[in-house]
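If you want the building blocks of each chain, they are given just below.
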Amino acid sequence: MQLIMAKLSKHITLVYLFMYCLTLVVSINLLWQHSFQQLQTSNQQQLDRFSRHLESQLGHFAFIPQLLSKQGIIIDALMSPHNTAQLDLTNRHLRSINNIVGASDTYLLDAKATTIAASNWLKETSFIGDNYAFRPYYQDAIRGEQGQYFALGSTSGRRGYYFSYPIKYAAEVIGVVVVKMDLSLIEKDWIGKEQHFLVSDMNDIVFISSEEKWLFKALSPLSDKQRQAILSSRRYLEKSIESVSIKGDLQQNASILTTANKKPFSNYYLSLLSVSIIQDWSVRVFAPIAPIIIDILILFTFISLLYLLLYLSFIVIKQKRNRFHEQALLEIKSKRELEYTVMQRTSALQAEVEERHKAESALRSTQKELIQSAKLAVLGQLSASISHELNNPLSAIRTYAENAVLFLERNQLDNVSNNLTRIGLLTERMAKISSQLKSFARKPNGELQVIALQPVIFAAHELLKPQLKANKVNLTIELPETPVNVRAEPIQLEQIIVNLLSNALQSMQHSDDKQIIIILAVQLEDKQDNKPLAIIKVLDKGTGIDKKYLSHLFEPFFTTKETGLGLGLSISQQIISNMKGTLSAQNRPTTGAEFTITLPLVMNSLLNESNIMNNDRSKGQS
Ligand code: ADP
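The rules we used
- Residue indices follow the written sequence of each chain, beginning from 1 at its first position.
- The predicted nature of this model means local features are confined to residues of pLDDT at least 70 and side-chain atom pairs, given and counted, to a pLDDT of 80 or more, with totals for whole chains, interfaces and linings taken over all residues.
- Calculated side-chain values reflect all of the structure's heavy atoms, with hydrogen atoms and water omitted.
- Note on exposure labels: buried denotes an accessible area under 20% of the residue type's maximum, exposed denotes more than 50%, and partly exposed covers the range between, all computed with a 1.4 Å probe on protein chains only.
- Helix numbering and strand numbering both begin at the N terminus, where a helix is a DSSP run of H or I of at least 4 residues and a strand a DSSP run of E of at least 2.
- Strand pairing follows a simple DSSP-based rule, namely that at least 2 bridges must link the two strands.
- Here, proximity means that at least one heavy atom of the residue falls within 4 Å of the molecule or strand.
- Contacts described as polar in this section are N or O atom pairs within 3.5 Å, which, within protein, must combine one atom able to donate a hydrogen with one able to accept it, while residues neighboring in sequence count only if both atoms come from side chains.
- Residue burial considers only the protein chains on display, and all accessible areas are found by Shrake-Rupley using a 1.4 Å probe.
- For each structure, a 1 Å grid was placed over the protein atoms alone; sets of points admitting a 1.4 Å probe that cannot get out are labelled cavities, open sets with protein on both sides within 12 Å along at least five of seven lines are labelled pockets, and lining residues have an atom within 4 Å of a point.
- Grid points are joined across faces, edges and corners, and a volume is the space filled by probe spheres set on the points.
- Fitted lines through C-alpha atoms serve as axes, helices being fitted only where they are in contact, and the angles separating the N-to-C directions of these axes extend from 0 to 180 degrees.

**Comments concerning the pairing of strand S3 (residues 147-152)**
Every other side chain in a regular strand lies on the same face of the sheet, so the side chains alternate between the two faces.
For step 1, the next point in the chain: With five of its six residues buried, S3 lies for the most part within the structure.
For step 2, the next point in the chain: Hairpin connection from S3 to strand S4 (residues 159-169): six residues lie between these consecutive antiparallel strands, with Gly157 at a positive phi of about 75°.

The following block contains the structure:
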């Protein structure tokens, strides 16, 4: 399962990577095409505007020399070149024309190319007296043609565009009038734009540029021959022309150029070319591609971030799912472990329960044995008085029998009958003692039944009567008249009372005032839980219980007697508690001990008469 998941996740990652690359390629391509198209369109428009501006600016001056060549004042000046007044007049005229048309300089050359009048005649850089025979515009005009030429001014060093026209008189060229235009005027409105506008000559040397860095730079490398020709034309005077290293096809109408520029992305340009109608000039616009590249980079970053975010979300969800899965597995595992532990514990508990059951039944049987032993121990203690009790009637019977024989021999039948009746009564008494002993020694059946307590107390008393008599103990029994009913096992209860009486008897062995009181009472309202109770108290005037033994009295095998077993009280307490009652001991305020049995009272009204034990002993006397 995990292997499949790992393979699946590897596949998903690959698909995701593929999707990422595809999105990048498609979106970057779309953006590039769209932006490039837009750049091209807008820059083409700009280039067209620039070209038109250039042509209109130049065209503006093109006809000025022709107009001037027809003016009489110009011809007059050429006709009388030494007339200073005439020349001064011409100078002023040229200056005013120059100012009106906004040209840089306007001047008049004689047939030998020497300046005889100029609009700047008053300035330091005045052309007056200068010879321009080397300038092509002069050479064209002297041949009778209109001339146009670009060059750096030899006096001013400023870029100028020269318009020349021949001045004819009687079909002969007598001079040349020249209007020079300042080319920086053309750049003025195009400086500071994002794109660069360039005008270059046939050698690709830039002489008009909205960006200064391109000015007087050759866009393509110049050969030595070209350099020589440029120098000799003095177009750029002595200026050294540097070549810019450009990669890309400059002659294409639209192409991408790369220049050597250290700034990132700023070396890429879209170049648009428009060939000017003026001579062999090339008009170009260089539009930086950097904004598109930046847009592409932004798009790239955005897509990458988006994919990264998606990927991270995917990873987080996957991890969460894994963690959830692991947690579920852990829960299942711990549940299983718990179940296993519970099973183990259950089986251990079952074994323990079984063990306890066994121990309990063993205990129960041991307990029964112990009760029996305790009873037998009591019987042992009682045996002397019992044998005395039996021996007395026996010897009386023997005497009555011997006397009966004598009375029979004397034929005193009344006496015989009297003796036999006494014998009968004595045997009856002996049988009663024996049956009581038998009943005491027998094992109880353990079943609780509703019994009246009075007969049980009588039976116990009856059993101990001989011993009490032998020890000269005075026993008082205080009983209520109405039967006090409880749910108990009568034989066990009788045995407990016998045990208590026997203990009381033993505690008074050395007392002068041997007195036992048995009190049976009813407490209708218990202080704690309002349950009515039957209370049996056995009070003696014996030694009492040593304080230090009080808390150990009911412990099994606790005894202070040499021949004692220490089982009587502990067994009695247990039996009473099985009957939902209590057995407690305390010292009497004066002398002796007081043992109290409480048992839940069964109210008479709830009783069915037949439930009440009504054996013959219940009718016994106190
Ligand atoms: P045993 O009689 O074999 O000693 P019991 O459990 O009947 O065992 O009694 C435990 C102990 O309680 C006795 O050894 C005795 O010290 C004390 N005891 C019991 N009844 C009395 C009593 N009426 N007066 C004084 N001490 C008593």
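**Points about the sheet that holds strand S6 (residues 196-200)**
For step 1, the next point in the chain: Read from one edge of the open sheet, six strands run S7-S6-S13-S12-S11-S10, paired in antiparallel fashion. Edge positions in the sheet fall to strand S7 (206-209) and strand S10 (246-247), since each has one partner strand and no second.

**Thoughts on the site of the ligand**
For step 1, the next point in the chain: Near the ligand you find 20 residues, and of these Asn503, Asp540, Thr559, Thr560 and Lys561 are the closest.
For step 2, the next point in the chain: At 2.5 Å, a side-chain N or O of Lys561 approaches an oxygen atom of the ligand.
For step 3, the next point in the chain: Measuring from an oxygen atom of the ligand, one finds a backbone N or O atom of Gly568 at 3.4 Å.
For step 4, the next point in the chain: Coverage of the ligand by the protein amounts to 93% of the 530 Å² it exposes when considered alone.

**Description of empty space enclosed by the protein**
For step 1, the next point in the chain: Within the structure shown, the criterion is met by two cavities of 30 Å³ or more.
For step 2, the next point in the chain: Computed from the structure, the second largest cavity encloses a volume of approximately 60 Å³.
For step 3, the next point in the chain: Lining the second largest cavity, in full, are Tyr107, Phe127, Tyr132, Arg135, Tyr137, Gly153, Ser154, Thr155, Ser156, Tyr162 and Lys180.

**Some thoughts on the sheet that holds S3**
For step 1, the next point in the chain: Pairing is antiparallel across the open sheet formed by five strands, whose spatial order is S2-S1-S5-S4-S3. The sheet is open, and its two borders are formed by strand S2 (115-118) and S3, each paired with just one other strand. On average, adjacent strands in this sheet sit at an angle of 25° to one another, irrespective of strand direction.
For step 2, the next point in the chain: Pairing of strand S1 (residues 105-110) with S2 involves three bridges; the strand directions are antiparallel. The partner of Leu109 across the bridge, within S2, is Thr115.

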